[in-house]
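Given next are the chains, with one letter for each unit.
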Amino acid sequence: MDPRAGLSATPGPDGQGLRFTLGQYVALTKPRIIELLLITTVPVMFLADRGVPSLVLVLATLVGGTLSAGAANTLNCYVDRDIDAMMHRTSKRPLVTGTISPQAALVFGIALAAVSTLWLGLLVNWLSSMLALGALLFYVGVYTMLLKRRTAQNIVWGGAAGCMPVLVGWAAVTNSVSWAAIILFAVIFFWTPPHYWPLSMKFKDDYRAANVPMLPVVERFVVVARQIVLYAWAMVAASLLLVPVAHMGWVYLVGAAVSGGLFLAEAHRLLHHARLGAGPAVLKPMRLFHFSITYLTILFVAVAVDPLVHLTILL
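Keep in mind that what you see is a predicted model, and the values were worked out from it rather than measured.

Turning our attention to the overall build of the protein. For the protein, the count of helices and strands is 16 helices and zero strands. Taken over the C-alpha trace, the protein has a radius of gyration of 20 Å; the compact-globule value for 315 residues is 20 Å, and the two agree within 12%. Each of the three principal axes of the protein carries a C-alpha extent, and together these read 65 × 55 × 30 Å. Taking all 315 residues of the protein together, the buried fraction comes to 53%. Looking at the protein as shown, the accessible area adds up to about 14,300 Å², and 69% of this sits on carbon and sulfur atoms. With 21 positive and 12 negative side-chain charges, the protein shows a separation of 6 Å between the mean positions of the two kinds.

Listed below in C-alpha cells is the structure:
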C-alpha cells in the first residue's frame, strides 16, 4: 500500500456529478500554468513564419501543447501529492483532498502524454512532438523526481522544461530549430528563477514545512535577491540578442528594452530592501512575481507583432 495514500491537508470540496469530476481532472492539469506556456508558443510561430501562420497549424499546435503540458502537470501532481498535502498553497489540489484517486490521476496523465505525442506527430510534425515529449519527461523525471527535493538549484535546471514551448512552436512552422528559437529558449531559461524565486520567498514557510529546499528556504533573502538580479540581467541581455540574430525591428526592440528595464528596476528594488534587512511586508516579492508575467506577455506580444509590421511595410 502506498504510505502517502491517506495524506490529506484539507477536506475535499463539495460537489458531485460529471461536471464536478471533469473540473477536478482539469484542475490536475494546472490550467493557469498552461496559459503561460501558450503565451510563448503562438508568438514564436508568427516569428518563424515571418507573418501569419496557418490557423489550422496554430490550433493543432496549441491543442497538442495543451495536452502535453496538462500531462506533465498531472504527473507532477501525482508524484508530489505528499508534499502538496503539507503546503497551504497546494492543499486543495484534487489528489490531496481525495476527489481524484492517485491511480486515476496516473492513468489520466499517461493517457494525456500518449495522446499529445500522437496528436503533434500526426497533425503537426514529429520534431515538435518529440520536443514536447522531451519537455514532459524532463519536467516529471528530472525536475519533479530528481531535483525538486534535493537541490536549491531545482528551479534553475528544472525550469528548462518550461522553455521548450518556444522550440515546439518554431518546429511546428519550420520543422527545424534555429538560433532565434534557441535565444528565446534562453530568455525563458533566465526568466524562470526571477519569476519563481519571489513566489518561493512568499511561501518560504510552506516549502520549509514540506522539506523542499527552494533557494529562499536555504539562503538569506539578500542572497536570493542578488541571484534574481543576476538572472534578470542575463534575461534582458538574451532578449536584446534576438534583435541582430532574428533581424527584429523597432516594435520588438522597444518592447524588449522598456519591459526589460522595468523588470530590472523591480529586481534591484527587491535587492535594495533585502540588503537593508527588510521583512516581507517591505520586500513585497510578489510584485516582481506578478510583473514577471506581465514582462513575458509584453515581450512575446512584441515577438508576434514585429514580423507583422515588417510585412505591412513590405506590402
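Still more to cover.
Moving on to the side chain of T41. Tracing the sequence through the fold places T41 in helix α2 (residues 31-49). At 3.2 Å, the side chain of T41 forms a polar contact with the backbone oxygen of L37. Among all residues touching T41, those that are not within four sequence positions of it are T61, P165 and G169.

Applying the stated criterion across every chain, the model contains seven salt bridges. Two residues, K148 and D80, come together in a salt bridge whose shortest N-O distance is 2.7 Å. Of this pair, K148 sits in the loop between α7 (126-147) and α8 (154-158) while D80 sits in the loop between α3 (55-79) and α4 (81-84), and the two are 68 residues apart along the sequence. Using a relative accessible area of 0% as the deciding quantity, one classes D80 as buried. Residue D82 pairs with R149 through a salt bridge whose shortest N-O separation is 2.9 Å. You can see D82 sitting in helix α4 and its partner R149 sitting in the loop between α7 and α8, a full 67 residues away along the chain. Judged by relative accessible area, which is 30%, R149 ranks as partly exposed. Each of D80, D82, K148 and R149 takes part in a single network of salt bridges with overlapping partners.

On to the nonpolar core. Judged by nonpolar contacts, the single largest core of 92 residues is most densely connected at L242, Y252 and F300. Sorting elements by how many residues they give to this core places helix α13 (residues 221-246) first, with 15 residues. In this view, Y252 contacts S239, L242, V243, L299, A302, V303 and D306; residues no more than four positions away in its chain are not counted. The next biggest cluster of nonpolar side chains, apart from the first, holds five residues, and it includes L28, C77, I100 and A105.

Moving on: the environment of V26. With respect to the secondary-structure elements, V26 resides in helix α1 (residues 17-28). Residue V26 is classed as partly exposed on the basis of its relative accessible area, which comes to 47%. Taking C-alpha positions, V26 is 8.3 Å from G70, a pair spaced 44 residues apart along the chain.

As a further point, take a nonpolar patch on the surface. A cluster of nonpolar side chains, namely V63, V115, L118, W119, L122, L123, W126 and M130, defines an oily patch on the protein surface of about 770 Å² accessible area. When residues of the nonpolar patch are traced back to their parent elements, those giving at least two are α6 (102-123) and α7. Per-element tally for the nonpolar patch: the top contributor is α6, with five residues. Secondary-structure assignment places V115 in helix α6.

Along its 26 residues, α13 runs 37 Å from first to last C-alpha, staying within 8% of the 38 Å computed at 1.5 Å per residue. Positive backbone phi, approximately 55°, marks H247, located one or two places after α13.

This part is about the packing of α3 against α7. Direction vectors running N to C along α3 and α7 enclose 15°, while the axes themselves pass 9 Å from each other. Here α3 is positioned roughly parallel relative to α7, judged by the angle of their axes. Pair α3 / α7 crosses with right-handed handedness. In this structure, α3 uses S68, A71, A72, N73, L75, N76 and V79 to contact α7, whose residues at the interface are A132, L136, Y139, V140, T144 and M145. Of the residues that constitute the contact of α3 with α7, the class distribution is nine nonpolar, four polar and no charged.

The final tally for this structure, using the stated rule, is eight aromatic pairs. Through a chain of ring-to-ring contacts, the aromatic side chains of W157, F189, F190, W197 and Y231 assemble into a single cluster. One residue, R81, lies across the ring of Y78, its end atom 4.4 Å from the ring centre. Positioned above the aromatic ring of F203, the side-chain terminus of R89 is 5.5 Å from the ring centre.

Cut-offs applied
- Residues numbered from 1 in each chain as written.
- Predicted model: local features only at pLDDT ≥ 70, side-chain atom pairs only at ≥ 80, totals over all residues.
- Heavy atoms only, no water.
- Helix = DSSP H or I, 4+ residues; strand = E, 2+ residues; numbered from the N terminus.
- Rg over C-alpha atoms; globule rule 2.2 N^0.38 Å.
- Buried < 20%, exposed > 50% of the residue type's maximum accessible area, 1.4 Å probe, protein only.
- Areas by Shrake-Rupley, 256 points an atom, 1.4 Å probe, with all protein chains shown as cover.
- Lys, Arg positive; Asp, Glu negative; His and termini not counted.
- Charge placed at Lys NZ, Arg CZ, Asp CG, Glu CD.
- Polar contact = N/O pair within 3.5 Å; in protein donor to acceptor, adjacent residues only side chain to side chain.
- Contact = heavy atoms within 4.5 Å.
- Salt bridge = Lys/Arg side-chain N within 4 Å of Asp/Glu carboxyl O.
- Core = buried A, V, L, I, M, F, W, Y, C linked by side-chain atoms within 4.5 Å.
- Patch = residues over 30% accessible without salt bridge, like charges linked within 9 Å, V, L, I, M, F, W, Y side chains within 5 Å.
- Expected span 1.5 Å × (residues − 1).
- Axes fitted to C-alpha atoms, helices over the stretch in contact; angles between N-to-C directions.
- Parallel < 35°, antiparallel > 145°, perpendicular 65-115°, else oblique.
- Left-handed = near helix turned anticlockwise from the far one by under 90°.
- Nonpolar A, V, L, I, M, F, W, Y, C, P; charged D, E, K, R; others polar.
- Phe/Tyr/Trp six-rings, centres within 6.5 Å; stacked < 30°, edge-to-face > 60°.
- Lys NZ or Arg CZ within 6 Å of the ring centre and 35° of its normal.

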